[in-house]
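Structural characterization, general
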Amino acid sequence: MLRFAARRLASLLLTLVAASFLVFAVTEFSPSNVARKTLGPFALQNQVDILYEKLGLSDPLLVRYTRWAGVLLGLKADPLQDPALNLNFKDPRGDKYFGNFGYSTLYKAPVNDVIWSRLGATATLAGIAFAIIVPLSLALGVLAGMREGSALDRTISVFGIVSTSIPEFASGVFLVAIFVVVLGWLPGTSPLDPGSGWPIWSQLVLPVAVLVLYDAGYVVRMVRGSMAEVMNKGYVRTAFLKGLPMRTVVMRHALRNAMIAPFTVILLQINFLISGVVVTEMVFAYPGFGRMILDASLFGDIALIEAATLIALTIAIATQLVSDIGYALLNPQISLK
Amino acid sequence: MTNDIHDQHIRTLGRQLADGSMNRREFVRFATLLGMAAPAAYAAAGLAAPTAARAQSMPKGGVLRIGTRVKEIKSPHTYSWGGYDSNISRQVLEYLTFTDEKGVTGPGLFEKWSVSPDLKTWTFNVRKGVKWHNGQEFTADHVIWNLKRVLDPEVGSSMIGLMKGYLLDDTTVNGKASTKIWDANAIEKVDDHTVRINCKLPQVAVPEHFFHYPMAIMHPDSKGVFQVGSVGTGPFTLTEFDLGKKAVLKAQKGYWGGDAFIDTMEQIDIGDDASAAIAALASKQLHGLVFADPGQYDALKALPHLAFYDVPTAETGVIRMRCDAKPFDNPKVRKAMRLAIDPEVVLKVALRGLGVTGDHHHCSPAHPDYAAIPPMKRDVAAAKKLLAEAGYANGISAEIIVPNDHAWFQTQAEACIEMWKEAGITIKLSPMPGAAYWDVWTKVPMGTTIWYHRPLSIMCLGLAYRTGVPWNESGYSNKEFDEILTQAEGTIDLAKRKELVAKLETIMQEDGPLVQPVFRSTFTFMDKRVKGFSMHPTNYMFGWKMGLEA
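Residues numbered from 1 in each chain as written. Chains lettered and ligands numbered in written order. Predicted model: local features only at pLDDT ≥ 70, side-chain atom pairs only at ≥ 80, totals over all residues. Heavy atoms only, no water.

In this section: the overall build of chain A. On a plain count of helices and strands, chain A comes out with 14 helices and 2 strands. For the C-alpha atoms alone, the extent of chain A along its principal axes is close to 85 × 60 × 35 Å. Looking at chain A as a whole, 50% of its 337 residues are labelled buried. If you take every contact in chain A between residues at least 6 apart in sequence, the share linking residues at least 24 apart comes to 66%. Surface accessibility of chain A: about 15500 Å² in total, with carbon and sulfur atoms responsible for 70%. Side-chain charges in chain A split into 26 positive and 20 negative, and the spacing between the mean points of these groups amounts to 14 Å. (Helix = DSSP H or I, 4+ residues; strand = E, 2+ residues; numbered from the N terminus. Buried < 20%, exposed > 50% of the residue type's maximum accessible area, 1.4 Å probe, protein only. Contact = heavy atoms within 4.5 Å. Areas by Shrake-Rupley, 256 points an atom, 1.4 Å probe, with all protein chains shown as cover. Lys, Arg positive; Asp, Glu negative; His and termini not counted. Charge placed at Lys NZ, Arg CZ, Asp CG, Glu CD.)

Next up, the structure:
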């Protein structure tokens, strides 16, 4: 098990290096210039050129990448913080430390000042949504899969298909129309600021509802499929034939086996809930990680995009590792080498 | 101020007011621009001066919450998007002059000014009794520090583009093109409360340039950095700033213009999603928006607790063609492009009627120096004839690049594409992210560019169509046009200037590089409890004018 985890960790590091380089290379092809975007459309070309030089954007790709990696590992001082450049870039942590993601050209602040509070906000949203999605979809999926083809199964399945097929921007607007405009029960946006007279919890209701509707439908379908398959297995039929009540058959024989496949799917939802919620965050003006990544990408803020990519990848690979270990615990036929 | 009445220019204006060649509103606009105090100008024109919002009846106290984008604000002198960043610092840092909602430029931190007959020497009086928030007196030295700073190429302020024509010379630094102030005495301190600007060319719009959003007056100790607690001369201080979330501004006691009515102004980031702003107003999380988009109009209009505010502007989406790219290098083709368009259709489809039609010359009825020349009527047959004469009897094909950050640009392009088809002109629409467009805006053969409101039509024409200027995105060059434009910029007599502008407009219609069907009105919605608000053509917010009913 330990060897397995160590190997996974090594492959995580390799993936991070490869992905971070790819991000650098891909942004190279984006048709925009950070210096122009920083100074705006009304700056003269020679002003843009001066800033371009100052930001070191004219260096070759490989030079910029190794410089960025050196700054991240704390081996090099961040050159953008050099007071001689007159950029006013200053990090209270210093210009040379491990985990220095550099300076965000979009926010004109150290990436570490920008990224963590947004990740925290998204983690709150994701955490609440996850805490609702998992028990809800397990309960509904098991209920539906227990008696395949029953009225309950059909109802739950139709709910699952419908809720998954409505995109988040549409369900967001529907819910706002009903609960904000018509009923006036809830606030329409979630700036996470109690000053508007709406408590924070009330600002979380609609974005969480949108995520639950979108995501739970999918997980319900997965659990239902797995449960239905297990319920048709010979050992379940044997259990019924020896006279065991439905409850005992489900709890003791079916459930654990039915959870093996959905377990991975459920853990994968964590990735989606952290880095894939950009639409929900936009619709509700939620100050989270997804909206930040979108803004950074549109601006070409390489330091912020890199940091976000590394964090999202780490979360993805970590959940994958947990799911592999969990898989082995649930299913003794699988061993980790 | 009475001396100003004897000033040659003011006398000219007075004569034009008397003989009816200038209306009262235009008189006030030009007289204040030349340094006449607004109350005196209103009185001379026989108009009642607008009652300042300092009425007793204004509600006091409260927290006003406005929806916007809370972007980076550290460097006011290099701001690039005035509607967002400067609206936060604007409450703390003031400007030397003040251009109001009606386009009248009057005193700000400069109390009054006068100009020489050749429009080259401007003498400005610094307002006395203004104190920085740290108690220090505001003087000419502070003004000069700010002016020199924005004109330093190292700082990177877009004021350079605006003032280059009359205050800067081209130069070379380390082999690279740069600029420097044209004369050591160009920005001159006369005494502690007088500053003189010595221009190398006549310029009528100097006071209006001082209200351009990067020209915020900062304390020299700030070294050009604006942040929480920054010292300004304005009615508020910035007490909290959370990038991408919100900015909190608290009223500052003892403001020279009289204390603000509200206690606090909060500017809340609501992102770029149009529905988020609607939802926030519907649930009363916000009292209003800095500005609204035509796409939000119907939904916001349906909310009974909101009031609608709009103002006609010279803001427009110019469809411009590179004069050095085929087939647009032929003036007949460019004119055919204009003749194939019915501006009324574009106004209805793209702006839902919230604006006025343009006549393809970039001069707006919102400009005081606008000249009403006969509109260019749609004439498909004439367009086809011109194309044939240009050697394109079978029509032309081209691609139009449309940045996607102004939703109505695409609708405008779609409407035009349909109309062009009838004249045998096939145009392919290619949308592009707004931010990426600014890398190519002066290069693509055909594109749509946002041109924001500017107070005078000669400012728009001088920035966009004069030979060789940095923002001449179409590469347009016409000697006759340049000469008349220079003449117009040095002509204070409005009737004479309008005659010159009429000539410029006609050249644009006949030869120009643009299709420009509409000017939009800027508009917004505010809670009916908000008092004292009026829409500014450049979306500026003035917290000290606004009150909030409990």
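This part takes up the interface of chain B and chain A. Taken together, the 49 residues of chain B in the interface contact 45 residues of chain A. Buried surface at the junction of chain B and chain A, both sides included, amounts to about 3800 Å², of which 56% is carbon and sulfur. Summed over the shared surface of chain B and chain A, the number is 4 salt bridges. Two residues, Arg291 of chain A and Asp269 of chain B, come together in a salt bridge whose shortest N-O distance is 2.8 Å. Counting across the interface, chain B meets chain A through 9 residue pairs in polar contact (both at pLDDT 80 or more). Elements with a minimum of two residues in the side of chain B that touches chain A: helix H7 (159-167), strand S7 (176-181), strand S12 (264-269), helix H9 (274-282) and helix H15 (434-440) of chain B. When residues of the side of chain B that touches chain A are assigned to their parent elements, the largest contribution, 5 residues, is made by H9 of chain B. Of the residues contributing to the side of chain B that touches chain A, the split by class is 20 nonpolar, 13 polar and 16 charged. (Buried area = accessible area lost by both parts, 1.4 Å probe. Salt bridge = Lys/Arg side-chain N within 4 Å of Asp/Glu carboxyl O. Polar contact = N/O pair within 3.5 Å; in protein donor to acceptor, adjacent residues only side chain to side chain. Nonpolar A, V, L, I, M, F, W, Y, C, P; charged D, E, K, R; others polar.)

Right, let's get into the nonpolar core. Counting residues in each nonpolar core, the largest one holds 161 residues, and the members touching the most others are Ile197, Phe210, Met337 and Trp420 of chain B. Sorting elements by how many residues they give to this core places helix H14 (residues 407-422) of chain B first, with 8 residues. Those residues within four positions of Trp420 of chain B in sequence are excluded, and the remaining contacts are Ile319, Met337, Ala340, Ile341, Ile425, Ile427, Met446 and Val515 of chain B. Ala126, Leu211, Ala258 and Ile266 of chain A belong to the second-largest nonpolar core, a separate cluster that totals 69 residues. (Core = buried A, V, L, I, M, F, W, Y, C linked by side-chain atoms within 4.5 Å.)

Let us now look at the domain arrangement of chain B. Residues and elements named next belong to chain B. Looking at chain B, the domain boundaries give domain 1 (1-52), domain 2 (56-93 + 225-307 + 526-550), domain 3 (95-215) and domain 4 (316-520). For domain 2 and domain 4, the distance between their C-alpha centroids amounts to 34 Å. Each side of the interface is counted separately: domain 2 has 8 residues, and domain 4 has 7 residues. Between domain 2 and domain 4, roughly 730 Å² of surface is buried when both sides are summed, and carbon and sulfur atoms account for 63% of that area. Viewed at the interface, domain 4 and domain 2 are joined by 1 salt bridge. On the surface where domain 2 and domain 4 come into contact, there are 1 residue pair in polar contact (both at pLDDT 80 or more). In the side of domain 2 that touches domain 4, the residues fall into 5 nonpolar, 1 polar and 2 charged. (Domains from an automatic or database assignment.)

If you trace the backbone, Thr189 of chain A turns up in the loop between helix H7 (168-182) and helix H8 (200-231). For Thr189 of chain A, a relative accessible area of 2% translates into the label buried. For Thr189 of chain A, the side chain forms a polar contact with the side chain of Gln285 of chain B, separated by 2.7 Å. Contact partners of Thr189 of chain A, with chain neighbours within four places excluded, come to Gln203, Phe284 and Ala285 of chain A together with Ala276, Ala279, Ala280 and Gln285 of chain B.

Let us look at unusual backbone geometry. Residues and elements named next belong to chain B. Going from Lys326 to Pro327, the amide bond is cis rather than trans, its omega being 0°. Within the secondary structure, Pro327 is located in the loop between strand S14 (306-321) and helix H11 (331-339). Unlike most non-glycine residues, Lys223 shows phi in positive territory, near 55°. Residue placement: Lys223 occurs in the loop between helix H8 (206-209) and strand S10 (236-242).

It helps to recall that an α-helix has 3.6 residues per turn; residues three or four apart then point in one direction. All names here are of chain B. With respect to burial, helix H16 (residues 457-464) is a largely interior element, 8 of its 8 residues being buried. Taken as a whole, H16 has its buried residues at Ser457, Ile458, Met459, Cys460, Leu461, Gly462, Leu463 and Ala464. Where H16 is buried, its residues meet H8, strand S18 (446-451), helix H17 (479-489) and helix H18 (494-511).

So, about the sheet that holds strand S8 (residues 187-191) of chain B. Residues and elements named next belong to chain B. With respect to topology, 4 strands assemble into an open sheet ordered S4-S5-S9-S8, the strand pairing being antiparallel. Of all strands in the sheet, those with a lone pairing partner are strand S4 (110-115) and S8, marking the two edges. Taking each pair of neighbouring strands and ignoring which way they run, the sheet shows an average axis angle of 25°. Pairing analysis gives 5 bridges linking strand S5 (residues 121-126) to strand S9 (residues 194-198), with the strands arranged antiparallel. Each bridged residue has a counterpart across the sheet, and for Thr123 the counterpart in S9 is Arg196. Contacts between helix H6 (residues 140-150) and the sheet are confined to S4, S5, S8 and S9, with S8 contributing the most and set at about 180° to the helix. (Pairing = 2+ DSSP bridges. Axes fitted to C-alpha atoms, helices over the stretch in contact; angles between N-to-C directions.)

Let us look at the domain arrangement of chain A. Residues and elements named next belong to chain A. Each assigned domain of chain A is listed with its residue range as follows: domain 1 (2-109) and domain 2 (113-330). For the pair domain 1 and domain 2, the summed buried area comes to about 2300 Å², and 72% of that belongs to carbon and sulfur atoms. The interface formed by domain 1 and domain 2 includes 1 salt bridge. Taking the shortest distance from any N to any O, the salt bridge between Arg93 and Asp113 comes out at 2.6 Å. For the pair domain 1 and domain 2, the number of links is 4 residue pairs in polar contact (both at pLDDT 80 or more). Looking at which element gives the most residues to the side of domain 1 that touches domain 2, the answer is helix H1 (residues 2-28), with 11 residues. Here the side of domain 1 that touches domain 2 is built from residues that sort into 16 nonpolar, 6 polar and 3 charged.

The next thing to look at is the pairing of S18 of chain B. Residue and element names in this part refer to chain B. Burial of S18 is extensive: 6 of the 6 residues sit out of reach of the surface. On S18, burial covers both faces: Met446, Thr448 and Ile450 on one face and Gly447, Thr449 and Trp451 on the other are all buried. The sheet contact formed by S14 and S18 spans 6 bridges and is antiparallel. Of the residues in S18, the one forming a bridge with Arg320 is Gly447.

Take the packing of aromatic side chains next. According to the stated counting rule, one finds 25 aromatic pairs over all chains in the structure shown. Taken together, a centroid distance of 5.7 Å and an interplanar angle of 35° make the contact between Tyr65 of chain A and Trp68 of chain A tilted. Here Tyr65 of chain A pairs with Trp68 of chain A, and both are found in helix H4 (residues 61-72), just 3 residues apart, close to one helical turn. Each of the two residues, Tyr65 of chain A as well as Trp68 of chain A, counts as buried. The rings of Tyr95, Phe98, Phe211, Tyr540 and Phe542 of chain B are connected pair by pair, giving a single aromatic cluster. Above the ring of Phe211 of chain B, the side-chain terminus of Arg90 of chain B is found at 5.6 Å from the ring centroid. (Phe/Tyr/Trp six-rings, centres within 6.5 Å; stacked < 30°, edge-to-face > 60°. Lys NZ or Arg CZ within 6 Å of the ring centre and 35° of its normal.)

It is worth spelling out a nonpolar patch on the surface at this point. A cluster of nonpolar side chains, Ile178, Val181, Val182, Leu183 and Trp185 of chain A, forms an exposed patch at the surface whose accessible area comes to about 510 Å². A residue is classified by how much of its surface remains accessible, and Val182 of chain A, at 66% relative accessible area, is exposed. (Patch = residues over 30% accessible without salt bridge, like charges linked within 9 Å, V, L, I, M, F, W, Y side chains within 5 Å.)

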